[in-house]
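# Chains, contacts and geometry: an overview
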Amino acid sequence: MLTVAEFRALQAAIRENPLPFMASGLTIRTKQHEGQAPTTTLDVNLPQQKVHDALWGMRQQGKPPRAIVLKARQPGISTYCSGINVVTKLTQPFTITMTIAHVEDGATNLFQREKFMVSRLPLGIRPKMKGDRKGHIDFDYVQCRDGRVELSSEGMIGYATGKPIWRGLTIHGCHLSEFAFFVRDKEVLLGILQAVPHSPDSYIVIESTANGMGNAFQVEWQRAEAGESGFQTVFIPWYELPDATMVVPKDFQVESDERQLMQQYQIGLPQIVWRRHVLETQCQGQQDLFDQEYPTTVSSAFLVTGRPAFPVAVLRRMRERAAEATVFAGRLDMTQTDPRKQFVPHEEGELRVWKWPTAEHAYIIGVDPSAGIEGGDYSSLSVFDRHAAEIVATWHGLHSPIELAHVLMDLGTFYHEAVLAVEITGGHGFSTMEECRARGYRNFYIWQRLDRIKNTMTNYYGWMTTFATRPLLFDGMHFALSHREIMIWDPETCFELMGCRYISNERAEGEDHDDRAFSAMISWRVHLETPMPDTGQLPRLAYMHAVEPKKEEHEYRLSNVDKQVWDAVDQERLGSGAQPLGSPAAFVVTADELESPAEEVDPYGEPPGGWY
């Protein structure tokens, strides 16, 4: 038995680094594989270590530890969180920890796991319990040789379909298990975020396998990736699962897609055998189901049932490449006369730049405005390079329509007087565009509409999304992605496009937040409809033939007067030593003219630019 001073020193050491204590003092049940004991100590595996590093890394920086974990099935994250809950109650007196699951049975199972750990704590530090309330673990005190150390800490369980017992409490540690399957996910998360103090001694862990797109888990993951929520993302792919291996049969043959996985992710043959077995026996042979339950990449995890509006495989590869590209975050200061000083780097800047403005290129900025109200939709700007056919910069934030106009003007000026294509559906775009016009900006997309009464074309400033024009956005972007006409350097835009689905045979919709997707689609559609400034013609796309259309041959019959004029011109050309136009020698085909026409572009071959 320890003295009071020794126990307090132990508490401090565990708070500093709980892993040694968890590996020696916390007991867990095993899966009882062949040769495995029924119980063992909680010696963290790789997935658990990744979550721990995220939490304790933030704590060491003085930040409130917050982690959101996208995982394959059963990596042990719930077990780790149960261990941290026990450690917190043992080392931080007067604290409350809570575990919330998607259903009551799930919460009960996690609660029993935590009670099992408490019941097998070392005798010298095992706390005395206070009462026996259902769904509660109440630590009263720890008896030492020379006195007691009061704890008065509690552990509680809840579930998404039950009463919001967390309201009115101050919770120091919270674990949300399988959050993607919560019924009232947004409501639960909002309540927990208010209940947990913004302190480095607190923690929140949101963990789940994916359950499609549009739910709070997918939205919060996306916000965390963008640095907008204070949570740190932790992704656990299937090949990091501690049990994801099987014995390799003698006649096992690796298929081409499996070989690519082995090379790309350094996966061993036993893991490939396990993957094929799980795919065939537990996922009904469906790759989409395997990707959702046992993801290889983040983008593949959020696949959902239904008909995607855009080619998911193309967007996934595009997003993975975009995630590796260099991006500059910051804001614009257009009061600077030196263009090199107009971009001001800032870690939390709403502007993201992948490629800087080029004087020889023309740009279009697609704009999806919003009211700029906290808790509402975001405003989004997508800068499209017309010559490179790339989304090269984005702006995403909460600004009122007038404030957005000032940002838009600066961005348009920065990208060499880019064409501004503001969506005017809903009314906010009118305010944004009129503010830009009033402040002197002149380069706008003009939408022409047939006036059936006057039988004339009427010009409208801005893009209007209607029942008739909406398919132009979705169908145009689908073709561009399928034929590799466009490169989108913003991973978040790719992510939102992946979430767009057909809710009927005629109508496609985005998820809760689709502002980036719509601004990108608007910029591409306006590009197709607007002549290129250097040629005056509509942009030539890769699927169109790169040769000029064959000129029609006409047979001309000369009248007597025409023949007299022709002969007179011939005589004049002969006098100056030129070849007469009527002479057969003038129409001799030269060697240069015999050269073959320009090679046509194969629309299904290597895409222009070669990003794919």
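Further remarks concern the overall build of the protein. When helices and strands are tallied, the protein shows 18 helices and 23 strands. Looking at the protein as a whole, 48% of its 612 residues qualify as buried. If you sum the accessible surface of the protein, you get close to 31,400 Å²; carbon and sulfur atoms cover 51% of it.

A separate point is helix H12 (residues 312-324). Between its first and last C-alpha, H12 extends 19 Å over 13 residues, near the 18 Å set by a 1.5 Å rise per residue. Inspection of H12 places Val312, Val314, Leu315, Arg316, Met318, Arg319 and Ala322 among the buried residues, and these make up the whole buried set.

Interaxial distance between helix H16 (residues 491-498) and helix H17 (residues 515-529) falls to 8 Å at its minimum, and their mutual angle equals 95 degrees. One way to sum up the angle between H16 and H17 is to call them roughly perpendicular. Between H16 and H17, the contacting residues are Glu492, Thr493, Glu496 and Leu497 on the first element and Asp515, Arg516, Ala517, Ala520 and Met521 on the second. Within the contact of H16 with H17, the residues separate by chemical class into four nonpolar, one polar and four charged.

Turning to the pattern of salt bridges, a few remarks are in order. Applying the stated criterion to the full structure yields 19 salt bridges. As a salt-bridge pair, arginine 133 and aspartate 138 come within 3.2 Å of each other at their nearest N and O atoms. Here glutamate 220 and arginine 223 are joined by a salt bridge, their closest N and O atoms 2.9 Å apart. With a gap of three residues between them, glutamate 220 and arginine 223 both fall in helix H7 (residues 216-225), about one helical turn apart. Relative accessible area serves as the criterion here: at 15%, glutamate 220 is assigned to the buried category. A relative accessible area of 23% places arginine 223 in the partly exposed class.

For the rest of this paragraph, the subject is the side chain of glutamine 11. Among the secondary structure elements, glutamine 11 is positioned in helix H1 (residues 4-16). Among all residues touching glutamine 11, those that are not within four sequence positions of it are Leu90, Thr91, Val149 and Leu151.

Bringing the packing of aromatic side chains into the picture now. Across all of its chains, the model carries 18 aromatic pairs by this definition. Across the ring face of tryptophan 56, the terminal group of arginine 59 is positioned such that the distance to the ring centre comes to 4.5 Å. Directly above the ring of tyrosine 141 sits arginine 148, whose terminal nitrogen or CZ lies 3.9 Å from the centroid.

A positive phi angle, close to 55 degrees, is found at alanine 389, a residue other than glycine. Looking at where alanine 389 falls in the secondary structure, it is placed in the loop between strand E16 (379-385) and strand E17 (390-397). For alanine 389, a relative accessible area of 17% puts it in the buried group. The backbone of arginine 484 shows a phi angle near 55 degrees, a positive value even though the residue is not glycine. Positionally, arginine 484 belongs in the loop between helix H15 (470-482) and strand E21 (487-488).

A separate point is the nonpolar core. Judged by nonpolar contacts, the single largest core of 42 residues is most densely connected at Phe21, Met22, Leu26, Tyr80 and Leu90. Sorting elements by how many residues they give to this core places helix H4 (residues 77-91) first, with seven residues. Residues contacting phenylalanine 21, with those up to four places away along its chain left out, are Ile14, Leu26, Val87, Leu90, Leu121 and Ile125. Listed in part, the 39 residues of the second largest apolar core include Ile486, Met498, Phe518 and Ile522.

Turning next to the sheet that holds strand E8 (residues 173-177). Taken in spatial order, the eight strands make up an open sheet running E5-E6-E7-E4-E8-E9-E3-E10, and their pairing is mixed. Sheet topology places strand E5 (128-129) and strand E10 (232-236) at the edges, where each strand pairs with a single neighbour. Sheet analysis places strand E6 (residues 136-144) next to strand E7 (residues 147-159), joined by eight bridges and oriented antiparallel. Its bridge partner lying in E7, isoleucine 137 is registered against glycine 155. With respect to the sheet, helix H5 (residues 104-119) is in contact with strand E4 (96-101), E5, E6, E7 and E8, its orientation differing from that of E7 by roughly 160 degrees.

Before going further, it helps to examine the packing of H1 against H4. Contact pair H1 / H4: the axes reach a minimum separation of 9 Å and the direction vectors enclose 140 degrees. In this structure, H1 crosses over H4, and the sense of that crossing is left-handed. Contact with H1, carried on its side by Phe7, Gln11, Ile14 and Arg15, involves Val87, Leu90 and Thr91 of H4 and no other residues of that element. A per-class count over the contact of H1 with H4 returns four nonpolar, two polar and one charged.

This part takes up the sheet that holds strand E23 (residues 508-509). Strand pairing in a sheet relies on backbone hydrogen bonds. The paired strands run either parallel or antiparallel. One open sheet holds the three strands; their spatial order is E11-E22-E23, and the pairing between them is antiparallel. Single-partner strands in this sheet number two, and they are strand E11 (307-308) and E23. As paired elements, E11 and strand E22 (residues 501-502) share two bridges and run antiparallel to each other. Its bridge partner lying in E22, arginine 307 is registered against tyrosine 502.

This paragraph deals with the environment of glutamine 448. Inspection of the secondary structure puts glutamine 448 in strand E19 (residues 446-451). C-alpha of glutamine 448 to C-alpha of tyrosine 461: the two residues are 13 residues apart in sequence and 8.7 Å apart in space. Beyond its immediate chain neighbours, meaning those up to four positions away, glutamine 448 contacts Met457, Thr458 and Asn459.

Thresholds applied
- Residues numbered from 1 in each chain as written.
- Predicted model: local features only at pLDDT ≥ 70, side-chain atom pairs only at ≥ 80, totals over all residues.
- Heavy atoms only, no water.
- Helix = DSSP H or I, 4+ residues; strand = E, 2+ residues; numbered from the N terminus.
- Buried < 20%, exposed > 50% of the residue type's maximum accessible area, 1.4 Å probe, protein only.
- Areas by Shrake-Rupley, 256 points an atom, 1.4 Å probe, with all protein chains shown as cover.
- Expected span 1.5 Å × (residues − 1).
- Axes fitted to C-alpha atoms, helices over the stretch in contact; angles between N-to-C directions.
- Parallel < 35°, antiparallel > 145°, perpendicular 65-115°, else oblique.
- Contact = heavy atoms within 4.5 Å.
- Nonpolar A, V, L, I, M, F, W, Y, C, P; charged D, E, K, R; others polar.
- Salt bridge = Lys/Arg side-chain N within 4 Å of Asp/Glu carboxyl O.
- Phe/Tyr/Trp six-rings, centres within 6.5 Å; stacked < 30°, edge-to-face > 60°.
- Lys NZ or Arg CZ within 6 Å of the ring centre and 35° of its normal.
- Core = buried A, V, L, I, M, F, W, Y, C linked by side-chain atoms within 4.5 Å.
- Pairing = 2+ DSSP bridges.
- Left-handed = near helix turned anticlockwise from the far one by under 90°.

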